[in-house]
Amino acid sequence: MEKDIFCKIIDGEIPCHKVYEDDDVLAFLDISQVTKGHTLVISKKHYDNFLTIPQEEMHRVMDVAQRIGQVEVKLLGARGVNILTNCYPAAGQTVMHFHVHVIPRYNSEEGFILEMKNNAEGLNLPALAKEIKKEL
Ligand code: AMP
């Protein structure tokens, strides 16, 4: 199977601007820099995404994402941070290797726009909640 681009970065076949590394986790600047400091935190072992990585390894990645978000606020002067992980192409995932975006936010006129519309009209929320709850 062809290696994904993040596996190639982990194996040193493609360069990156590294900000953190330990035995399980690697973090580096996203090449697109949606905002200044936009960082990706990835698991060194290959998993497709957040939905398929084992919990313990996911926690290690999220711990690093939290620390990077804290540093971006303290050091870069970000006024907020978006922590984002896309799962599957339908949700915008383009690289099929688990990664968390840490996106510092400075003002409202930057490259990252997150819009959540209210589409609750016509939905039976009690029934929906019950359906999800019974599977958990
Ligand atoms: P997603 O769309 O959530 O799968 O995000 C994939 C991200 O990987 C995008 O934001 C890309 O800009 C980023 N990306 C792709 N190739 C590289 C690379 N070689 N180095 C750093 N970031 C990359």
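Since we're looking at a predicted model, the values are computed, not measured.

A. Quick look at the nonpolar core. Among the nonpolar cores identified, the biggest contains 13 residues, and V41, V61, V64, I68, F98 and V100 are the most heavily contacted of them. Within the residue set of this core, elements represented by two or more residues are strand 2 (25-29), helix 2 (55-76) and strand 5 (99-105). With five residues, helix 2 is the single largest residue contributor to this core. Leaving out residues up to four positions away in the same chain, V61 has contacts with V25, V41, I42, S43, F98 and V100. Formed by seven residues, the second largest nonpolar core is a distinct cluster that contains F6, L26, L40 and I42.

B. Broad picture of helix 2. When the terminal C-alpha atoms of helix 2 are compared, their 30 Å separation across 22 residues agrees well with the 32 Å that a helix rising 1.5 Å per residue should span. Turning to helix 2, its buried residues are M58, V61, V64, A65, I68, G69 and E72. Viewed end-on, helix 2 has its buried residues packed into an arc of 145°, placing them on one side of the element. Turned more than 90 degrees away from the buried face of helix 2, the exposed residues are Q55, E56 and K74. Buried residues along helix 2 sit against strand 1 (18-21), strand 2, strand 3 (39-43), strand 4 (80-84) and strand 5. Trailing helix 2 by a residue or two, G77 shows a phi angle of about 75°, which is positive.

C. Quick look at the pairing of strand 5. In terms of residue burial, strand 5 counts as a mostly covered element, since seven of its seven residues are buried. Every second residue of strand 5 is oriented toward a common face, with H99, H101, I103 and R105 on one face and V100, V102 and P104 on the other, all of them buried. Pairing geometry for strand 3 and strand 5, over four bridges, is antiparallel. Counted as the bridge partner of T39 is V102 from strand 5.

About the cut-offs
Counting from 1, residues in each chain are numbered in the order their sequence is written. Per-residue local features are limited, in this predicted model, to residues with pLDDT of at least 70; the limit for side-chain atom pairs, both in listing and counting, is 80 or more; totals at the level of whole chains, interfaces and linings are taken over all residues. Side-chain numbers come from the whole structure's heavy atoms, not from hydrogens or water. Here, nonpolar core means buried Ala, Val, Leu, Ile, Met, Phe, Trp, Tyr and Cys residues that are tied together by side-chain atoms lying within 4.5 Å of each other. Burial here depends on accessible area, computed with a 1.4 Å probe over protein chains only, as a share of the maximum for the residue type. Under 20% is buried, over 50% is exposed, and the range in between is partly exposed. Segments assigned H or I by DSSP are reported as helices when at least four residues long, segments assigned E as strands when at least two residues long, and all are numbered from the N terminus. Two residues form a contact once any of their heavy atoms are found within 4.5 Å. Expected helix span is given by 1.5 Å per residue-to-residue step, counting one fewer step than there are residues. The arc refers to the directions leading from the helix axis to the C-beta atoms. Strands are treated as partners if at least two bridges between them are detected by DSSP.

Honestly, it's all geometry; don't read function into it.
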